[in-house]
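Structural overview for review
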Amino acid sequence: MVRFEAVGLRYPGSGSRGGAPGPEALSDVSFALPPGSFTWLLGPSGAGKSSVLRLMHLALRPTRGEVEVLGLRLSRAPRAALAPVRRRVGMVFQDFRLLPYLSAFDNVALPLRLAGRPEASLRADVGEILKWVGLEAKAGALPPELSGGEQQRVAIARAVVHRPALLVADEPTGNLDSRQARRLLALLAEMNRLGTTVVVATHDEDLVARFPAPALRLQDGRLHDPEDARGLFAPAAELG
């Protein structure tokens, strides 16, 4: 499902004024995640969690090493090959990234419309997903009219409405209170039980304790304990 092999990542323009290369955001990161797994991605701010997720979402290519997502090797893939695979990956952002002038329904429907789905067929899917996240009654509301927890649930609905094979979430509970965070994790766990591979980045150790699952720990762009990353992760059947 996901494989990193000796991955190094350096962002453009990260060098010093003198032209010397800056430090790598990721260094020699290797792990493998099988289909149907639930994995925590842990580490403090600046550890490299967002960089790992951006590689999984095909928003970046590695500077060195190999990243394989859903059978596609990023180092050698032509640009035209990225879009079909990216459509099979759902991304949940910490800051929601909802369009404020679109209703909850239209925000969720946006990925399907961009993919060319007929309006008649997408309406049933969007309605079903909004019901699943408990927001059927708020379908017509604009994002500013929703609470933070409701906006995050709309963001999740948008990420999963196209039934992704892989769902990655970047600090999705960072703007939520503890009750909202637990509800959010229950939704992600349910997606995992339905067969989606889920990766959640967080620095909230209390949340991880409440929802035990295998974890990758990053520190300064490196895996803290590479021996824990051998692709032996199981689905989170007991999560939540």
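Structural data are supplied above this passage.
Conventions adopted
Residues numbered from 1 in each chain as written. Predicted model: local features only at pLDDT ≥ 70, side-chain atom pairs only at ≥ 80, totals over all residues. Heavy atoms only, no water. Buried < 20%, exposed > 50% of the residue type's maximum accessible area, 1.4 Å probe, protein only. Helix = DSSP H or I, 4+ residues; strand = E, 2+ residues; numbered from the N terminus. Pairing = 2+ DSSP bridges. Contact = heavy atoms within 4.5 Å. Axes fitted to C-alpha atoms, helices over the stretch in contact; angles between N-to-C directions. Phe/Tyr/Trp six-rings, centres within 6.5 Å; stacked < 30°, edge-to-face > 60°. Lys NZ or Arg CZ within 6 Å of the ring centre and 35° of its normal.

**Concerning the pairing of strand β9 (residues 215–219)**
Here β9 shows one buried face, formed by L216 and L218, and one open face, formed by A215, R217 and Q219. The sheet contact formed by strand β3 (residues 38–42) and β9 spans three bridges and is parallel. Bridging across to β9, W40 finds its partner in A215. Both β9 and strand β10 (residues 222–223) contribute to a ladder of two bridges, which runs antiparallel. Residue Q219 lies in a different strand from β10, and its bridge partner there is R222. In sequence, β9 turns back onto β10 through a hairpin of two residues, with D220 there showing a positive phi of about 55°.

**Some remarks on the sheet that holds strand β4 (residues 64–69)**
Reading across the sheet, the four strands line up as β2-β1-β4-β5 and stay open at both edges, with antiparallel pairing between neighbours. Each of the sheet's edge strands pairs with one partner strand only, and the pair in question is β2 (26–33) and β5 (72–73). In the sheet, strand β1 (residues 2–9) pairs with β4 via five bridges, with the strands oriented antiparallel. Among the inter-strand pairings, R3 is bridged to a residue of β4, identified as E68. In the packing of helix α1 (residues 49–56) onto the sheet, the strands contacted are β1, β2 and β4, and the crossing angle to β1 comes to about 125°.

**Overview of the packing of aromatic side chains**
Under the criterion given, the structure shown has two aromatic pairs. Measuring from ring centre to ring centre gives 4.5 Å for F4 and F31, while their planes differ by 20°; the resulting arrangement is stacked. Taken together, the residues span a long stretch of sequence, with F4 in strand β1 and F31 in strand β2 at a distance of 27 residues. The pair F4 / F31 is uniform in exposure class, with both members buried. With a centroid separation of 5.6 Å and an interplanar angle of 75°, the aromatic rings of F38 and W40 are classed as edge-to-face. In this structure, R97 packs its charged tip against the face of F93, placed 4.0 Å from the ring centre.

**Observations regarding the environment of L102**
Residue placement: L102 occurs in the loop between β6 (89–92) and α3 (104–114). With 40 residues separating them in the primary sequence, L102 and L142 have C-alpha atoms 6.0 Å apart. Beyond its immediate chain neighbours, meaning those up to four positions away, L102 contacts N107, A141, L142 and P143.

**Remarks on the side chain of Q151**
Structurally, Q151 is set in helix α5 (residues 148–160). Residue class for Q151 comes out buried when judged on its relative accessible area of 17%. Ignoring any residue separated from it by four or fewer positions in sequence, one finds Q151 in contact with F96, L98, P143 and L146.

**Description of the pairing of β1**
The sheet contact formed by β1 and β2 spans five bridges and is antiparallel. Across the sheet, L9 pairs through a bridge with L26, a residue of β2.

**Digging into the sheet that holds β9**
Taken in spatial order, the six strands of this open sheet run β6-β7-β8-β3-β9-β10, and their pairing is mixed. Across the chains shown, the open sheet's two edge strands, defined by having one partner strand only, are β6 and β10. In terms of strand pairing, β6 meets strand β7 (residues 166–170) through four bridges, oriented parallel. Residue pairing across strands places M91 opposite V168, the latter belonging to β7.

**Overview of α3**
Each α-helix winds once per 3.6 residues, and so residues spaced three or four apart point in a common direction. Along α3, the positions that sit buried rather than exposed are A104, F105, N107, V108, A109 and L112. Residues of α3 that are buried in the fold lie against α4 (119–132) and α5. G116, located one to two residues past α3, shows a positive phi value of around 90°.

In short, shape yes, function no, at least from these values alone.
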